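# Commentary on secondary and tertiary structure
Read off the chains here:
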Amino acid sequence: MIALDSDTVSAIADDFDRPLATSDPKLLIYRISTAETSLVSSVTRGDGVVMYRPRALARIDQNTVAVVEFGGASSLLYSVDLTTGNRSVISTIGTGATNRYTATAGVRSAAASPISVRGSGPRFARQMRGVAFVANQLIVSGTADATFVGGFARVDLTTGDRTLVAGIALDAGSQITVPFASGSDSYVPGAPTALQTLDDRSLTFIETFGPDRVWVWDVVDNRVREAADLTPQIVFQLPANRAELSGLALTPCTGSNPPFTVQPRETSVTSCVGGTTELRVLTSTPGPFRYVWKRNGTAIDQIAIPSAGTASLSIRDLEANQSGTYTCVVSGACGSVESQQITLTVEVGCCDSIDFNRNTVFPEDQDVIDFFNVLAGADCPYAPPVGQVCDIDFNNNTVFPEDQDVIDFFTVLAGGECS
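Residues numbered from 1 in each chain as written. Predicted model: local features only at pLDDT ≥ 70, side-chain atom pairs only at ≥ 80, totals over all residues. Heavy atoms only, no water.

### Brief notes about the overall build of the protein
What counts is decided by this rule: A helix here means a DSSP run of H or I that spans at least four residues, while a strand means a run of E at least two residues long, and both kinds are numbered starting from the N terminus. Here a residue-residue contact requires only that any non-hydrogen atoms of the pair lie within 4.5 Å. In these tables, accessible area is a Shrake-Rupley quantity obtained with a 1.4 Å probe, and a residue counts as shielded only by the protein chains included in the view.
Along its length, the protein carries two helices and 34 strands. Considering only contacts within the protein whose residues lie at least 6 apart along the sequence, 53% involve residues at least 24 apart. For the protein, the accessible surface area stands at approximately 19700 Å², while carbon and sulfur atoms represent 51% of it.

See below:
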């Protein structure tokens, strides 16, 4: 089950005990304020492959959720349109051949047929346990073999290609391992499950077979830690009054202040004309929340800038007139909180920050290493906003790659001025 907003949740009725020929799992939406349940997708609603034993779901965008099947070697990963109920296969993530029924206009196909392989890269041979969308990445957890060792794979939404980002998976029949980054708590992925987005870069998970611990994984830095003091909290709107759901205890909203706080990641940001900037707010609890960004007190058009409805406001092709004070109003069932102001200064003819890998540590050797790696074609060391690539145009003259970007990078690193 996932929250779509403060009054609506989506859940799967997985039809687990039925055989493939009669299986009819359903994706549902439940509106808490009216106690109404709506059918989103099933054999009778929406076209496409009929899901079999779906286990977990995650929201990709306003109109789409991802659903992963439990079924081991034959598992599929789907996208489901919340408006039409149509289902599309994103990736054939299991190691075996897959046969499925299809449904069109409410009619099931007469027989199951093979599903074409979609996507390349590592796979899981046993059960898929969870899925999450965090840091603009679709992450699936699964188990690799009968010992239930497992890991986490990133799946490309366009191609279905899979990349093992942590743990163990199978590639061409052989086990491969990708460790968590240095600085992580000691942890060997077993059967990670119950993935839940914590903020715009982290998720939590537990182990199917214990021990009874909650883990927090920073997807951007690839570091995992045990969350000994984490108290999950989800906020919903109830018909009679407002309440918050913390763990399994439902209690009414009390007092005049909402039960969460909001802080900006930084209060002052300087960027360049033509460049890209990201402003982010952090909440003390995971939500769900509604975000509204403002500039100089006026709400930003979320159609023109979709990220204005998220925790991270990303602005491309900056113009000088976009300088100003920015705040974010965060709303939950128990009230709203407006963040402290963030002052954005857009300068003409300047260079990017020397914190190239955006880990907030600078100057450092790793920024230099990452800059040259990306210049040579390596992956970005951070997750760029949707629709963008890693920014190697350091001097923002719109010409890249070029020697002058390298010269200016080292000049600024040494304390000099941007050319």
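Now that the structure has been shown, we can carry on.
### Observations regarding the state of the cysteines
Between two cysteines, a covalent bond joining their sulfur atoms is known as a disulfide. Threshold: Cysteine sulfur atoms are paired as a disulfide whenever they fall within 2.5 Å.
Applying the stated criterion across every chain yields a total of one disulfide. Residue Cys-380 pairs covalently with Cys-390 via a disulfide, S to S 2.1 Å. Note on the Cys-380 and Cys-390 pair: the S-S dihedral is about 65°, so by sign convention the disulfide is right-handed. Residue Cys-380 is located in the loop between helix H1 (365-375) and helix H2 (403-413), and its partner Cys-390 is located in the loop between H1 and H2; the two are separated by 10 residues in the primary sequence.

### Quick word on the sheet that holds strand S17 (residues 162-171)
Here is the rule: One requirement defines pairing of two strands: DSSP has to find at least two bridges between them. Convention adopted: a line fitted to C-alpha atoms gives each axis, helices being fitted over their contacting stretch, and angles between N-to-C directions are expressed from 0 to 180 degrees.
Reading across from one edge, S14-S15-S16-S17-S18 is the order of the five strands in this open sheet, with antiparallel pairing throughout. Here the strands that pair on one side only, and so sit at the sheet edges, are strand S14 (128-134) and strand S18 (174-178). On average, each strand axis in the sheet is tilted by 30° relative to the strand beside it, whichever way the strands run. Relative to S17, strand S16 (residues 150-155) is paired through five bridges, and the arrangement is antiparallel. In the strand pairing of S17, Arg-154 is matched with Thr-163.

### Comments concerning the nonpolar core
The line we're drawing: Residue types Ala, Val, Leu, Ile, Met, Phe, Trp, Tyr and Cys, when buried and joined through side-chain atoms within 4.5 Å, form a set referred to as a nonpolar core. Each residue is placed in one exposure class: buried if its accessible area under a 1.4 Å probe, protein chains only, is under 20% of its type's maximum, exposed if it is over 50%, and partly exposed if it falls in between.
If you look at the biggest cluster of nonpolar residues, it comprises 22 residues, and the most contacted ones within it are Val-281, Trp-293, Leu-313, Tyr-326 and Val-330. At the level of secondary structure, the elements contributing two or more residues to this core comprise strand S28 (277-283), strand S29 (290-295), strand S31 (312-315), strand S32 (324-332) and strand S34 (342-347). Core analysis: the second largest hydrophobic core is formed by 18 residues, Val-68, Phe-133, Leu-164 and Ala-169 among them.

### Comments concerning unusual backbone geometry
Located in the positive-phi region is Arg-53, a residue other than glycine, with phi close to 55°. Along the polypeptide, Arg-53 turns up in the loop between strand S5 (48-49) and strand S6 (54-61). Residue classification places Arg-53 among the partly exposed positions, given a relative accessible area of 25%. Not every positive phi belongs to a glycine, and Asn-296 is a case in point at roughly 50°. Here Asn-296 is to be found in the loop between S29 and strand S30 (298-299).

### A short note on the packing of aromatic side chains
We apply this condition: Only Phe, Tyr and Trp rings are paired, with Trp represented by its six-membered ring, and only when their centres lie within 6.5 Å; those with planes under 30 degrees apart are stacked, over 60 edge-to-face, the remainder tilted.
By the definition in use, this model includes 11 aromatic pairs. Summarising the aromatic geometry, the rings of Phe-152 and Phe-205 are spaced 5.0 Å apart at their centres and angled 65° between planes, so their arrangement reads as edge-to-face. With Phe-152 in strand S16 and Phe-205 in strand S20 (residues 202-207), this pair connects stretches of sequence that are 53 residues apart. Each member of the pair, Phe-152 as well as Phe-205, is classed as buried. On the basis of an interplanar angle of 90° and a centroid distance of 5.8 Å, the ring pair of Phe-371 and Phe-372 is categorised as edge-to-face. A relative accessible area of 34% means that Phe-372 is categorised as partly exposed.

### Some thoughts on H1
Considered for burial, the residues of H1 that qualify are Asp-367, Val-368, Asp-370, Phe-371 and Val-374. Elements that come into contact with the buried residues of H1 comprise H2. Remark: Gly-377 follows H1 within two positions and exhibits a positive phi of approximately 110°.

### Examining the sheet that holds strand S19 (residues 192-197)
Taken together, the four strands give an open sheet; going across it, the order is S19-S20-S21-S22, and neighbouring strands pair in antiparallel fashion. The sheet terminates laterally at S19 and strand S22 (223-226), the two strands that pair on one side only. Sheet twist, expressed as the mean angle between neighbouring strand axes with direction ignored, is 25°.

### Focus: the pairing of S19
Two elements, S19 and S20, share four bridges in a ladder whose sense is antiparallel. Across the sheet, Gln-196 pairs through a bridge with Thr-204, a residue of S20. As consecutive antiparallel partners, S19 and S20 are separated by four residues.

### What to know about the side chain of Ser-42
Within the secondary structure, Ser-42 is located in the loop between strand S4 (36-41) and S5. Exposure remark for Ser-42: the relative accessible area of 3% places this residue in the buried category. Leave out the neighbours within four places in its chain, and Ser-42 touches Asp-24, Pro-25, Lys-26 and Arg-87.

### Section: the pattern of salt bridges
What counts, and what does not: A pairing counts as a salt bridge when a side-chain nitrogen of Lys or Arg comes within 4 Å of a carboxyl oxygen of Asp or Glu.
Inspection of the entire model under this criterion finds nine salt bridges. Asp-221 is the partner of Arg-201 in a salt bridge, and the nearest nitrogen-oxygen pair spans 3.0 Å. Linking Arg-201 in the loop between S19 and S20 with Asp-221 in the loop between strand S21 (215-218) and S22, this pair joins segments that are 20 residues apart in sequence. Of the charged contacts in the structure, one is a salt bridge between Arg-223 and Asp-221, with a shortest N-O distance of 3.7 Å. On the basis of relative accessibility, which here comes to 28%, the residue Asp-221 falls in the partly exposed class.

### Quick notes on the environment of Asn-395
Relative to the assigned elements, Asn-395 resides in the loop between H1 and H2. Judged by relative accessible area, Asn-395 falls into the buried class, the value being 8%. Separated by 23 residues in the primary sequence, Asn-395 and Cys-418 place their C-alpha atoms 7.1 Å from one another. Not counting residues within four places of it along the chain, the set of residues in contact with Asn-395 comprises Cys-350, Cys-351, Glu-402, Gln-404, Asp-405, Asp-408 and Cys-418.

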